[in-house]
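# Results of the structural survey
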There are 2 protein chains.
Amino acid sequence: MHDYRRTHSCGDLNKTHAGETVTLSGWVHKRRDLGGLTFVDLRDRYGITQLIFDPNKNADLHKLAGNLKHESVISIEGIVHPRVEGMANKNMVTGEIEIEVSHLELLSESLVPPFTLNDDTYEVNEELRLKYRYLDIRKGNLLKNLTIRHKAMVATRRFLDGEKFTEVQTPIMSKSTPEGAREYLVPSRIHPAHFYALPQSPQIYKQLLMISGLDRYFQIAPCFRDEDLRAERQPEFTQIDIEMSFGKPEDIKKLTEGMLKEIFKECLNVEIETPIPVMSYHDCLENYGTDKPDVRFDMPLVRVDDIVKDSTFSIFTDQLKNEGCIKGICVKGGAEISRKGIDVYTEFVSRLGLKGLAWMKKQNGEFSSSIVKFFPSELLDKLSNVLHVEDGDMILFAAAKESVVNQALDHLRRHIAKERKLIPENAYKFLWVNDFPLFEFDEEENRLTSIHHPFTSPHFDDIKLIDEDPLNVRSDAYDCVLNGFEIGGGSQRIHNQELQKKIFKTLNLSEDDIKTRMGFFIEALQYGTPPHLGIAFGLDRIAMILCNTDNIKDVIAFPKSLNATDLMMQSPSMVEKVQLDELKIKTLAEEISVI
Amino acid sequence: MHDYRRTHSCGDLNKTHAGETVTLSGWVHKRRDLGGLTFVDLRDRYGITQLIFDPNKNADLHKLAGNLKHESVISIEGIVHPRVEGMANKNMVTGEIEIEVSHLELLSESLVPPFTLNDDTYEVNEELRLKYRYLDIRKGNLLKNLTIRHKAMVATRRFLDGEKFTEVQTPIMSKSTPEGAREYLVPSRIHPAHFYALPQSPQIYKQLLMISGLDRYFQIAPCFRDEDLRAERQPEFTQIDIEMSFGKPEDIKKLTEGMLKEIFKECLNVEIETPIPVMSYHDCLENYGTDKPDVRFDMPLVRVDDIVKDSTFSIFTDQLKNEGCIKGICVKGGAEISRKGIDVYTEFVSRLGLKGLAWMKKQNGEFSSSIVKFFPSELLDKLSNVLHVEDGDMILFAAAKESVVNQALDHLRRHIAKERKLIPENAYKFLWVNDFPLFEFDEEENRLTSIHHPFTSPHFDDIKLIDEDPLNVRSDAYDCVLNGFEIGGGSQRIHNQELQKKIFKTLNLSEDDIKTRMGFFIEALQYGTPPHLGIAFGLDRIAMILCNTDNIKDVIAFPKSLNATDLMMQSPSMVEKVQLDELKIKTLAEEISVI
């Protein structure tokens with residue numbers, strides 16, 4: 001029997017191999033007949049190599065080759081020949097050579113695939129691609145993405161291991177906790193009516209590992225959330241989870257900057273600039289309207305309250321009286337945008353709750369628009385100044401409650417940047433966001449709640465404010481933002497029991513409450529807890545940016561569809577009645593639930 | 001505020017640091033007062049450093065130190081001093097120095113722990129240790145084990161990445177399959193009465209990845225089985241899962257020998273010998289009575305049917321007439337074992353279904369025992385010969401059905417080896433076991449069933465036997481055995497649809513059956529499946545051997561107890577009714593299932 005083991009991959013051979021006898025195995029990518037010869041493009045994940053079958057040299061083989069179906073798996077033996085003058089293909093790594101086949105074995109014949117794999121179109125219906133995921137992967141782009149994701153994990157682990165972090169696998173069959181996102185439950189057979197829960201993150205485990213003295217922990221950890229899916233969400237996702245003892249936020253930042261550097265170098269050969277700039281939560285909202293600003297391009301939000309208050313434009317002045325605010329953005333070269341174009345923007349922001357946009361264009365040194373008349377020229381000069389308006393630009397103004405202004409202008413800013421191609425390609429702009437508030441006031445519950453979680457440490461300088469002015473207490477939390485996406489977040493944790501108790505009291509939680517919810521963890525905190533802090537990065541999100549895709553399914557081998565279904569396996573599925581009986585559970589539609 | 005960030009760990013300092021001002025942070029391991037001075041042993045995971053407090057130099061600090069409770073977390077600043085002549089402790093890395101403390105900060109006070117952490121006793125009740133797992137880890141041995149496990153993962157990944165394998169994360173929310181072990185189910189909220197299942201292994205996914213052209217896959221993969229636990233089982237466990245295309249078993253063996261070499265080098269600095277010897281399934285059973293022989297020591301099982309058939313010992317000759325067999329083992333120096341000792345062995349094997357043991361001792365060139373009289377001297381010579389009996393040895397015989405003889409003598413052989421200390425310490429003896437039968441006959445179902453799974457390839461040379469003599473068809477499966485434990489197993493898979501159909505037919509499965517059970521996979525096989533094969537190693541089992549423990553809980557950070565409970569978190573637990581309502585499930589003991 002022919003030995004199908006390869007001497008080379010389909011991406012290996014070039015002129016220097018001429019004359020060698022080689023064995024290649026792979027998939028029939030294309031077959032064509034030309035001038036009496038049959039050519040077969042043989043493909044594997046590493047490349048494509050051209051095979052040639054000449055009926056004058058071996059009629060049987062030529063006939064066999066002529067019957068090969070696309071995507072069948074074959075193995076061949078043959079001799080490497082340089083292609084004849086003028087026939088070399090410079091776009092292929094192996095374009096200099098072809099193989100004159102002396103032996104061909106059909107290892108596995110393929111049916112006609114449900115979509116073609118030998119062209120570059122990705123127009124196929126996504127459901128069909130998910131159903132035949134293995135073919136969609138074979139088509140190529142997903143293979144590349146899985147390789148990039150692998151490299152990101154390799155770089156992460158190599159770096160953290162080098163920094164003496166220990167990877168620890170924490171349980172996937174965990175405990176249901178009443179706060180946070182909705183959880184997936186796992187019924188226990190041994191303990192009827194009891195359930196495990198799949199973890200939303202290893203947060204509690206990693207803090208316990210710090211209490212256990214592990215000192216430096218990490219894990220590339222599977223996490224689970226039973227939420228209604230959006231395009232960038234999956235029921236299971238992956239975190240790069242890190243925790244360390246006896247450190248401060250600047251240490252975690254420095255550490256993970258090194259890690260991100262290694263990831264981007266490994267995967268894209270891109271050198272990212274460090275240290276990553278830091279921006280406060282307040283400045284983010286003020287200047288970008290969001291706590292995850294995309295700083296690959298300019299066009300900040302500029303508050304003009306102090307200028308427009310002296311205008312006679314009542315829409316603005318009324319807003320100021322109603323505790324609203326007015327911010328503007330300067331669209332470079334935007335004076336060319338038509339009235340219709342502005343209407344499209346207005347429609348865009350109206351979906352974000354903003355009633356309208358005011359605008360001014362500057363051309364030939366003069367501002368024009370229907371509202372210019374309400375602004376004396378000194379105010380126009382001031383606006384021009386603070387918004388850095390040059391000839392040919394346009395200002396767009398939003399006037400409303402501050403949160404509405406921020407949300408609308410944040411989205412509009414990004415929309416315009418995309419539309420006007422202001423975002424440089426292959427730019428990777430990181431940002432640390434700091435100084436989040438520790439608490440927010442929950443109108444519904446009529447009490448303070450934690451913005452992150454109740455174990456987040458307040459900023460040391462603000463501990464004194466907890467009693468009198470809790471809403472102005474900053475936390476020691478930090479988010480990592482890349483190109484406008486939050487890719488990671490973490491915080492210093494509270495390690496001091498007195499401070500922890502004070503925070504609980506401020507949150508209006510009773511000791512009983514705490515005990516029921518998190519008793520074992522509170523107990524653990526009392527046996528010698530070191531100062532500790534950590535962070536978690538979303539690996540899927542990072543992989544999406546590395547792979548330049550905005551679809552999370554493009555970076556996961558076997559993703560779920562939007563309704564949390566695996567279309568290939570048809571999962572979730574009905575199960576046998578005996579399985580439910582053993583678990584002592586019943587579904588409320590049992591007649592349809594069992595096979 | 002004192003900056004608790006360390007300049008050194010508690011395992012770093014020696015005489016060369018004398019005179020340096022350092023900051024250390026850690027746990028109060030021990031405190032003692034001696035000659036008016038107070039000494040504190042400060043501990044972190046890297047070591048222990050002695051702190052000294054002299055009331056004559058700083059009375060306040062001395063007083064503070066005197067109140068420190070064990071396991072409290074402190075941070076100190078101080079100067080490194082060489083210990084005075086004669087006080088150095090050569091058993092401690094830092095035994096040459098002590099720290100004269102100039103500043104002490106209590107970071108977190110500890111309650112009295114439920115068991116002492118500053119001695120080497122591990123006599124504590126296991127339930128208590130599991131409840132306070134973070135303290136048990138802190139005690140030290142588990143920290144070391146977690147580090148070894150981490151190193152094993154590092155070595156595995158480094159090696160496989162170097163061999164161009166891509167790590168791919170496959171879904172944890174998978175599909176229920178009707179064969180194999182009992183599964184954990186996850187009810188779907190979006191699809192009432194439908195369930196995901198946690199995977200027993202990524203088997204199907206990795207085969208699909210081969211069909212997708214990934215070529216070389218691996219994953220350190222979480223796996224799940226809802227079985228009644230034994231000491232070496234956990235509901236979740238970890239596999240080093242590998243699959244490759246266009247290879248043969250010898251390739252997988254060579255590859256994974258390299259991987260095992262790297263793991264043992266990294267974790268224990270042990271060079272394991274490769275290539276690993278190969279033994280057939282038949283030879284394993286014949287010579288060791290088991291398919292996972294411990295070959296660290298000798299004492300094979302020797303079949304003596306052909307010799308004893310000529311004796312007049314009717315217990316033996318009757319067995320031979322009843323299709324039983326007789327095997328012996330030679331216990332070196334066993335002539336010293338008393339009648340009582342032999343009775344203990346007899347009792348031992350009786351629990352394994354063997355009714356009795358016959359024995360002969362050789363002393364001063366003569367055999368003695370109550371059965372010697374049934375054996376003419378030429379038979380005794382022959383026995384002596386095949387069992388390599390020397391003066392001072394003892395033969396133990398088992399006579400019964402072959403499977404009973406094998407099981408009893410396998411266990412007895414290992415029992416005696418342990419008892420008589422025949423097993424060299426730190427020996428790592430690997431073995432490949434080959435040539436398993438492909439099928440066995442299932443009396444209950446009255447049909448052939450697969451010994452591994454129906455996708456396992458038959459041995460190429462035996463394909464022709466499938467029809468006439470299926471029970472003699474060998475499979476292309478291989479197990480990896482280390483020190484008597486099966487640490488891995490895998491096989492060549494079937495990639496040819498015709499052969500696959502033939503196997504299904506031989507198993508008496510209808511096409512409908514197949515379609516219902518594994519339809520999507522059978523369909524996938526038809527779109528160009530490369531020859532592929534793989535293996536999975538049990539990481540927990542490997543870690544146990546690396547850590548020299550026979551308790552799987554010793555190599556898992558947060559294990560479940562024998563009844564699948566997390567005693568620390570008290571999981572599984574009852575959940576809120578609203579959670580079950582959303583999932584549209586009811587427990588059959590609902591009144592107790594919700595909080």
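Chain A appears in an unreviewed UniProt entry as Aspartate--tRNA(Asp/Asn) ligase from Aerophobetes bacterium. The heading Catalytic activity (unreviewed entry) in the UniProt record of chain A holds the text "tRNA(Asx) + L-aspartate + ATP = L-aspartyl-tRNA(Asx) + AMP + diphosphate". UniProt, in its Subcellular location (unreviewed entry) section for chain A, records the words "Cytoplasm".

## Points about the relation of the copies chain B and chain A
Applying a rotation about an axis and a shift along it to one chain copy brings it onto the other copy. Taken as rigid bodies, chain B and chain A are interconverted by a rotation of 180° and an axial shift of 0.0 Å, the fit giving an RMSD of 0.1 Å. Both copies are brought into coincidence by an operation consistent with a two-fold rotation axis. Interface residue correspondence from chain B to chain A reaches 100%, placing this contact among same-surface, isologous pairings.

## Considerations on the sheet that holds strand 9 (residues 216-224) of chain B
Residues and elements named next belong to chain B. Across the sheet, which stays open at both edges, the eight strands sit in the order 6-9-10-22-21-20-17-11 with mixed pairing between neighbours. The two strands at the open ends of the sheet, each matched to only one other strand, are strand 6 (166-167) and strand 11 (278-280). Where strand 20 (residues 477-482) and strand 21 (residues 485-492) come together, six bridges link them in antiparallel fashion. Looking across to strand 21, one finds that Asp-479 is bridged to Gly-489. Against the sheet, helix 4 (residues 141-162) makes contact with strand 6, strand 9 and strand 10 (236-245), and its axis sits at roughly 150° relative to strand 9, the strand it touches most. Sitting on the sheet, helix 5 (residues 203-211) touches strand 9, strand 10 and strand 22 (532-538), and the angle it makes with strand 10 is about 20°.

## Focus: the sheet that holds strand 22 (residues 532-538) of chain A
All names here are of chain A. Sheet architecture is open: eight strands sit in the order 6-9-10-22-21-20-17-11, paired in mixed fashion. Because the sheet does not close on itself, it has two edges, and the strands there are strand 6 (166-167) and strand 11 (278-280). Sheet topology places strand 17 (residues 430-434) next to strand 20 (residues 477-482); four bridges connect them, and they run antiparallel. If you follow Trp-432 over to strand 20, its bridge partner there is Cys-480. Strands in contact with helix 4 (residues 141-162) are strand 6, strand 9 (216-224) and strand 10 (236-245); relative to strand 9, the strand with the most contacts, it is inclined by about 150°. Packed on one face of the sheet, helix 5 (residues 203-211) meets strand 9, strand 10 and strand 22 and runs near 20° to strand 10.

## Quick notes on unusual backbone geometry
With an omega dihedral of -5°, the bond running from Thr-274 of chain B to Pro-275 of chain B counts as a cis peptide bond. Take Pro-275 of chain B: it is sitting in the loop between helix 6 (249-268) and strand 11. A cis amide bond links Ser-571 of chain B with the next residue in sequence, Pro-572 of chain B, at an omega value of 5°. By the secondary structure assignment, Pro-572 of chain B is in the loop between helix 15 (539-546) and helix 16 (577-583). Notably, Asp-215 of chain A is not glycine yet its phi reads approximately 80°, a positive angle. With respect to the element layout, Asp-215 of chain A can be found in the loop between helix 5 and strand 9. With a phi close to 60°, Phe-246 of chain A is a non-glycine residue in the positive phi region.

## Focus: the interface of chain B and chain A
Tallying the contact residues gives 133 residues for chain B and 133 residues for chain A. Taking both partners together, chain B and chain A bury about 11600 Å²; carbon and sulfur atoms supply 60% of that area. The largest share of the area that chain B buries against chain A comes from Phe-246, Tyr-527 and Met-569 of chain B, three residues that together contribute 7% of it. Where chain B meets chain A, there are 14 salt bridges. Of the charged contacts, one joins Glu-582 of chain B and Arg-182 of chain A as a salt bridge, the two residues approaching to 3.0 Å between their closest N and O atoms. Where chain B meets chain A, there are 77 residue pairs in polar contact (both at pLDDT 80 or more). In terms of residue count, the dominant contributor to the side of chain B that touches chain A is helix 4 of chain B (nine residues). Residue composition of the side of chain B that touches chain A, grouped by class: 68 nonpolar, 34 polar and 31 charged.

## A closer look at the packing of aromatic side chains
For the coordinates displayed, the defined rule picks out 32 aromatic pairs over all chains. Ring geometry for Tyr-132 of chain A versus Tyr-527 of chain B: centroids 5.9 Å apart, planes at 85°, classification edge-to-face. Taken together, the residues span two chains, with Tyr-132 of chain A in the loop between helix 2 (126-131) and helix 3 (133-138) and Tyr-527 of chain B in the loop between helix 14 (511-525) and strand 22. A single burial state applies to Tyr-132 of chain A and to Tyr-527 of chain B, both of which are buried. On the basis of an interplanar angle of 75° and a centroid distance of 6.2 Å, the ring pair of Tyr-132 of chain B and Tyr-134 of chain B is categorised as edge-to-face.

## Focus on the side chain of Asp-226 of chain A
Residue placement: Asp-226 of chain A occurs in the loop between strand 9 and strand 10. Engagement of the side chain of Asp-226 of chain A in a polar contact is seen with the side chain of Arg-189 of chain B, the distance being 3.1 Å. Ignoring sequence-local partners within four residues, the contact set of Asp-226 of chain A consists of Arg-182, Glu-183 and Tyr-184 of chain A together with Arg-189 and Leu-583 of chain B.

## Quick notes on the environment of Phe-53 of chain B
Residue and element names in this part refer to chain B. As for its placement among the helices and strands, Phe-53 is situated in strand 3 (residues 47-53). A sequence separation of 509 residues divides Phe-53 from Leu-562, and the C-alpha atoms of the two residues are 47 Å apart. The contact partners of Phe-53, leaving out residues within four places of it in the chain, are Leu-37, Thr-38, Val-40, Leu-61, His-62, Ala-65, Val-101 and Leu-104.

## A word on the UniProt feature "binding site: L-aspartate" (unreviewed entry) in chain A
Residues and elements named next belong to chain A. Listed under "binding site: L-aspartate" (unreviewed entry) in the UniProt record, and renumbered for this structure, are Glu-179, Arg-225, His-452 and Arg-493. One can find Arg-225 in the loop between strand 9 and strand 10. On the basis of relative accessibility, which here comes to 27%, the residue Arg-225 falls in the partly exposed class. Residues contacting Arg-225, with those up to four places away along its chain left out, are Ala-181, Arg-182, Tyr-184, Gln-200, Arg-233, Pro-235 and Phe-237. Considering the arrangement of structural elements, one finds His-452 in the loop between strand 19 (447-450) and strand 20. For His-452, a relative accessible area of 33% corresponds to the partly exposed category. Setting aside chain neighbours within four positions, we find His-452 in contact with Phe-436, Ser-475, Ala-477 and Asp-479.

## Some words on the domain arrangement of chain A
Considered domain by domain, chain A is made up of domain 1 (15-108), domain 2 (144-278 + 431-555) and domain 3 (297-423). Of note, the centres of domain 2 of chain A and domain 3 of chain A, computed from C-alpha atoms alone, are 38 Å apart.

## Description of the packing of helix 10 (residues 339-350) of chain B against helix 12 (residues 402-419) of chain B
Residue and element names in this part refer to chain B. Between helix 10 and helix 12, the least distance of the axes is 10 Å, while the angle of their chain directions is 140°. Of the possible angle classes, the one that applies to helix 10 and helix 12 is oblique. Where helix 10 crosses over helix 12, the two elements pack in a sense that is right-handed. In this structure, helix 10 uses Tyr-345, Phe-348 and Val-349 to contact helix 12, whose residues at the interface are Ala-408, His-411, Leu-412, His-415, Ile-416 and Glu-419. Per-class residue counts for the contact of helix 10 with helix 12 are six nonpolar, two polar and one charged.

## A closer look at the pairing of strand 13 (residues 325-331) of chain A
Residue and element names in this part refer to chain A. Among the seven residues in strand 13, seven count as buried, and that is most of the element. Relative to strand 13, strand 12 (residues 302-303) is paired through two bridges, and the arrangement is antiparallel. Bridge pairing in strand 13 links Val-302 to Gly-328. One ladder, built from seven bridges, connects strand 13 with strand 16 (residues 394-400); its direction is antiparallel. Counted as the bridge partner of Gly-328 is Phe-397 from strand 16.

## Focus: helix 10 (residues 339-350) of chain A
Residues that lie three or four places apart on an α-helix share one face, since the helix turns once every 3.6 residues. Residue and element names in this part refer to chain A. The end-to-end C-alpha distance of helix 10, which contains twelve residues, comes to 16 Å, matching closely the 16 Å that a straight helix rising 1.5 Å per residue would cover. The complete set of buried residues in helix 10 reads Gly-341, Ile-342, Tyr-345, Phe-348 and Val-349. All buried residues of helix 10 project into a common sector of 110° when viewed along the axis, lining one side. Seen from the open side of helix 10, the exposed residues pointing more than 90 degrees away from its buried face are Arg-339 and Lys-340. On its buried face, helix 10 sits against strand 14 (358-363), strand 16 and helix 12 (402-419).

So, how was this worked out
- Residues numbered from 1 in each chain as written.
- Chains lettered and ligands numbered in written order.
- Predicted model: local features only at pLDDT ≥ 70, side-chain atom pairs only at ≥ 80, totals over all residues.
- Heavy atoms only, no water.
- UniProt positions renumbered as here; feature names shortened; annotations may be inferred.
- Least-squares fit on C-alpha atoms with pLDDT ≥ 70 in both.
- Contact = heavy atoms within 4.5 Å.
- Pairing = 2+ DSSP bridges.
- Helix = DSSP H or I, 4+ residues; strand = E, 2+ residues; numbered from the N terminus.
- Axes fitted to C-alpha atoms, helices over the stretch in contact; angles between N-to-C directions.
- Buried area = accessible area lost by both parts, 1.4 Å probe.
- Salt bridge = Lys/Arg side-chain N within 4 Å of Asp/Glu carboxyl O.
- Polar contact = N/O pair within 3.5 Å; in protein donor to acceptor, adjacent residues only side chain to side chain.
- Nonpolar A, V, L, I, M, F, W, Y, C, P; charged D, E, K, R; others polar.
- Phe/Tyr/Trp six-rings, centres within 6.5 Å; stacked < 30°, edge-to-face > 60°.
- Buried < 20%, exposed > 50% of the residue type's maximum accessible area, 1.4 Å probe, protein only.
- Domains from an automatic or database assignment.
- Parallel < 35°, antiparallel > 145°, perpendicular 65-115°, else oblique.
- Left-handed = near helix turned anticlockwise from the far one by under 90°.
- Expected span 1.5 Å × (residues − 1).
- Arc of directions from axis to C-beta.

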